[in-house]
Amino acid sequence: KAGVTQTPRYLIKTRGQQVTLSCSPISGHRSVSWYQQTPGQGLQFLFEYFSETQRNKGNFPGRFSGRQFSNSRSEMNVSTLELGDSALYLCASSFDPGVETQYFGPGTRLLVL
Amino acid sequence: ELKVEQNPLFLSMQEGKNYTIYCNYSTTSDRLYWYRQDPGKSLESLFVLLSNGAVKQEGRLMASLDTKARLSTLHITAAVHDLSATYFCAVDINYGGSQGNLIFGKGTKLSVKP
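My aim in this report is to walk through the structure given alongside it, one point at a time.

About the cut-offs
Residues numbered from 1 in each chain as written. Chains lettered and ligands numbered in written order. Predicted model: local features only at pLDDT ≥ 70, side-chain atom pairs only at ≥ 80, totals over all residues. Heavy atoms only, no water. Buried < 20%, exposed > 50% of the residue type's maximum accessible area, 1.4 Å probe, protein only. Helix = DSSP H or I, 4+ residues; strand = E, 2+ residues; numbered from the N terminus. Pairing = 2+ DSSP bridges. Axes fitted to C-alpha atoms, helices over the stretch in contact; angles between N-to-C directions. Contact = heavy atoms within 4.5 Å. Buried area = accessible area lost by both parts, 1.4 Å probe. Salt bridge = Lys/Arg side-chain N within 4 Å of Asp/Glu carboxyl O. Polar contact = N/O pair within 3.5 Å; in protein donor to acceptor, adjacent residues only side chain to side chain.

Our next topic: the pairing of strand β4 (residues 31-38) of chain A. Residue and element names in this part refer to chain A. Of all eight residues that make up β4, eight are buried, and the element is covered over most of its length. Examined bridge by bridge, β4 and strand β5 (residues 42-50) share eight bridges and lie antiparallel to one another. The residue bridging T38 from the neighbouring strand is G42, located in β5. Hairpin connection from β4 to β5: three residues lie between these consecutive antiparallel strands. Relative to strand β9 (residues 87-94), β4 is paired through seven bridges, and the arrangement is antiparallel. In the sheet register, S31 faces β9, and the bridge partner there is S94.

Here's what the structure looks like:
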């Protein structure tokens, strides 16, 4: 079956703009997690959604938000972009994150100028 | 605060040699994951370790988990060039009730040279 898909794959924005990233999980998976990867901070957890509810949120400012739809697709939004938001944003899905691994999408590479 | 420490962070190996990557974590957890990342690519799941004493092997890689010592190891046997990548361990922060929140180590960049 198809893997996790993310769109867009690449994005260039300027400071102050906002951006919306999309993630479609593997069919049947209800849990979607988002991570930010940067050379300096590594991989950091942003938030996790399960059945349209945000269950957990990482230590990121309120400019970072997300949501999940009834079909388990998820979006994350970053408002008032800063240079430091340049990163690879990875989405991961799982049927049950407690007993199996999370499957990662290809990521969206965001560059903020 | 849960911390996950990997060492070494950089590893240059010769083909055919054995080596071990270590992953220490600072708080109770019984779920540990190993991932591989190739340059410019996403994360590929290697192993899921769900209990104390768990050992899993795939090809030249073997992972183990000691929850009492809060330590996982990834052992590489007879390394080949194709194993060159960055390896991450990750711990589930929600012990006893996972909510898909993984804390990652900084990764071990492995380079296997002929």
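With that settled, consider the sheet that holds strand β8 (residues 71-76) of chain B. All names here are of chain B. Strand order in the open sheet formed by five strands is β1-β3-β8-β7-β6, with antiparallel pairing between adjacent strands. At either margin of the open sheet sits one strand with a lone partner, and together these are β1 (4-7) and β6 (55-58). With direction set aside, neighbouring strand axes in the sheet form an average angle of 15 degrees. As defined by bridge partners, β1 adjoins strand β3 (residues 19-25) across four bridges and the pair is classed as antiparallel. Following the sheet pairing, V4 is matched in β3 by Y25.

Turning our eyes to something else, we now look at the interface of chain B and chain A. Between chain B and chain A, the contact holds 19 residues from the first and 20 residues from the second. Together, the buried faces of chain B and chain A total about 1,600 Å²; carbon and sulfur atoms form 49% of this surface. Taken together, the connections running from chain B to chain A amount to zero salt bridges. Seen at the junction of chain B and chain A, the total is four residue pairs in polar contact (both at pLDDT 80 or more). Elements supplying a minimum of two residues to the side of chain B that touches chain A: β4 (32-37), β5 (43-49), β9 (85-92) and β10 (102-104) of chain B.

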